[in-house]
Amino acid sequence: MNDDLDPLWELVTRQFHGPEYSVHGPDHWRRVERNGLLLATRTGADIRVVRLFALFHDSRRENDWEDPGHGARGAEFAASLRGSAYELDNERFELLRHACEWHTEGEFHENTTIATCWDADRLDLGRVGIVPDPAYMSTEFGREIAAHGSIQPYLDAVMSPGRVELS
Ligand SMILES: [Fe+2]
Ligand SMILES: [Fe+2]
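Residues numbered from 1 in each chain as written. Chains lettered and ligands numbered in written order. Predicted model: local features only at pLDDT ≥ 70, side-chain atom pairs only at ≥ 80, totals over all residues. Heavy atoms only, no water.

1. A word on the coordination of the iron ion (ligand 2)
Consideration 1: Taken together, His28 (NE2), His57 (NE2), Asp58 (OD) and Asp121 (OD) make up the full set of protein donors to the iron ion (ligand 2), lying 2.2 to 2.3 Å away.
Consideration 2: Taken together, the four donor atoms surrounding the iron ion (ligand 2) define angles of 83 to 175° at the centre, an arrangement classified as irregular.
Consideration 3: All donor residues of the iron ion (ligand 2) come from one chain, and their arrangement in sequence is H-x28-H-D-x62-D. (Donors = N, O, S within 2.8 Å, 3.2 Å for Na, K, Ca; no water. Tetrahedral: all angles 85-135°; square planar, octahedral: opposite > 155°, others 65-115°.)

2. Describing the coordination of the iron ion (ligand 1)
Consideration 1: Coordination of the iron ion (ligand 1) by the protein comes from Asp58 (OD), His70 (NE2) and His103 (NE2), over a distance range of 2.0 to 2.2 Å.
Consideration 2: As a motif over one chain, the donors of the iron ion (ligand 1) read D-x11-H-x32-H.
Consideration 3: The metal-metal distance between the iron ion (ligand 1) and the iron ion (ligand 2) is 3.9 Å, with aspartate 58 serving as a donor to both. In this pair, aspartate 58 sits in the loop between helix H3 (47-56) and helix H4 (70-81) while histidine 70 sits in helix H4, placing the two residues 12 residues apart along the sequence. (Helix = DSSP H or I, 4+ residues; strand = E, 2+ residues; numbered from the N terminus.)

3. What to know about the packing of H4 against helix H5 (residues 90-102)
To describe two helices that pack against each other, one gives the angle between their axes and the distance between the axes.
Consideration 1: Two elements in contact, H4 and H5, have axes separated by 7 Å at closest approach and are oriented at 155°. Comparing their axes, H5 and H4 come out roughly antiparallel. On H5, the residues that touch Gly71, Ala72, Ala75, Ala78 and Ala79 of H4 are Phe93, Leu96, Arg97, Cys100 and Glu101. (Axes fitted to C-alpha atoms, helices over the stretch in contact; angles between N-to-C directions. Parallel < 35°, antiparallel > 145°, perpendicular 65-115°, else oblique. Contact = heavy atoms within 4.5 Å.)

4. Details of unusual backbone geometry
Peptide bonds are trans in most cases, and residues, glycine excluded, mostly fall at negative phi.
Consideration 1: A positive phi angle is found at aspartate 67, which is not glycine, with a value near 50°.
Consideration 2: Note on placement: aspartate 67 falls in the loop between H3 and H4.

5. Describing the layout of surface pockets
Consideration 1: Taken as a whole, the largest pocket spans an internal volume of roughly 430 Å³.
Consideration 2: Counted by class, the lining of the largest pocket contains six nonpolar, seven polar and nine charged residues.
Consideration 3: Empty space within the second largest pocket amounts to approximately 170 Å³.
Consideration 4: Residue lining of the second largest pocket: Arg34, Leu37, Leu38, Thr41, Leu155, Val158 and Met159, and that is the complete set.
Consideration 5: Among the secondary structure elements, those contributing two or more residues to the lining of the second largest pocket are helix H2 (26-43) and helix H8 (152-159).
Consideration 6: Here the lining of the second largest pocket gets four residues from one element, more than from any other, and that element is H2.
Consideration 7: Of the residues in the lining of the second largest pocket, the class split is five nonpolar, one polar and one charged. (1 Å grid on protein atoms, 1.4 Å probe; cavity = no way out; pocket = protein on both sides within 12 Å on 5 of 7 lines; lining within 4 Å. Points joined across faces, edges and corners; volume = space filled by probe spheres on them. Nonpolar A, V, L, I, M, F, W, Y, C, P; charged D, E, K, R; others polar.)

6. Let's talk about the nonpolar core
Consideration 1: Membership of the largest hydrophobic core comes to 40 residues, with the highest contact counts inside it found for Leu8, Phe56, Tyr86 and Leu96.
Consideration 2: Those elements giving two or more residues to this core turn out to be helix H1 (6-15), H2, H3, H4, H5, helix H6 (112-122), helix H7 (140-148) and H8.
Consideration 3: For this core, the element with the highest residue contribution is H3, accounting for seven residues.
Consideration 4: Ignoring any residue separated from it by four or fewer positions in sequence, one finds leucine 96 in contact with Val49, Leu52, Phe53, Ala78, Tyr86 and Leu88. (Core = buried A, V, L, I, M, F, W, Y, C linked by side-chain atoms within 4.5 Å. Buried < 20%, exposed > 50% of the residue type's maximum accessible area, 1.4 Å probe, protein only.)

7. Some remarks on H3
Consideration 1: The element H3 is largely enclosed, with a buried count of eight among its 10 residues.
Consideration 2: Residues of H3 that are buried: Val49, Val50, Arg51, Leu52, Phe53, Ala54, Leu55 and Phe56.
Consideration 3: Check the buried side of H3 and you find it contacts H1, H2, H4, H5 and H6.
Consideration 4: The opening residue of H3, the one whose side-chain oxygen lies 3.1 Å from the backbone nitrogen of arginine 48, is aspartate 46. (Polar contact = N/O pair within 3.5 Å; in protein donor to acceptor, adjacent residues only side chain to side chain.)

Below you can see the structure in the form of structure tokens.
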């Protein structure tokens, strides 16, 4: 992947206050990014916002429990680095800010980019033993993947087009 965001990933990862291994840490962020990019192939979400959401949404978690307010702290952190560590115009930053701040509330959104961010996060719930539920997805594609029971065949289909048949 073209990666002007690599230095930003390094910076954000280095400051992460969570435990050394966290189910909400950088491994999760990368899967959210991967899920979001997959979803965006059909939803048409803004890819830069989706990638920045993946990086920032849980970046200010302090523990692996409920940690209320971690979405808002992630959004503030994203705001503090904008213009120095990365660039994003005001309109798109507003999408990023909203997606980070409210990702914890189990809400739905009609904006394609915000909806894609939240579905990307929720499709990684398998890591904590929760099966993603189509009823909690905001996008049609997110619902389809959740109903299918696994994201893997969809990822395989993108990696090797034509090789994998989806039911
Ligand atoms: Fe979170
Ligand atoms: Fe998350």
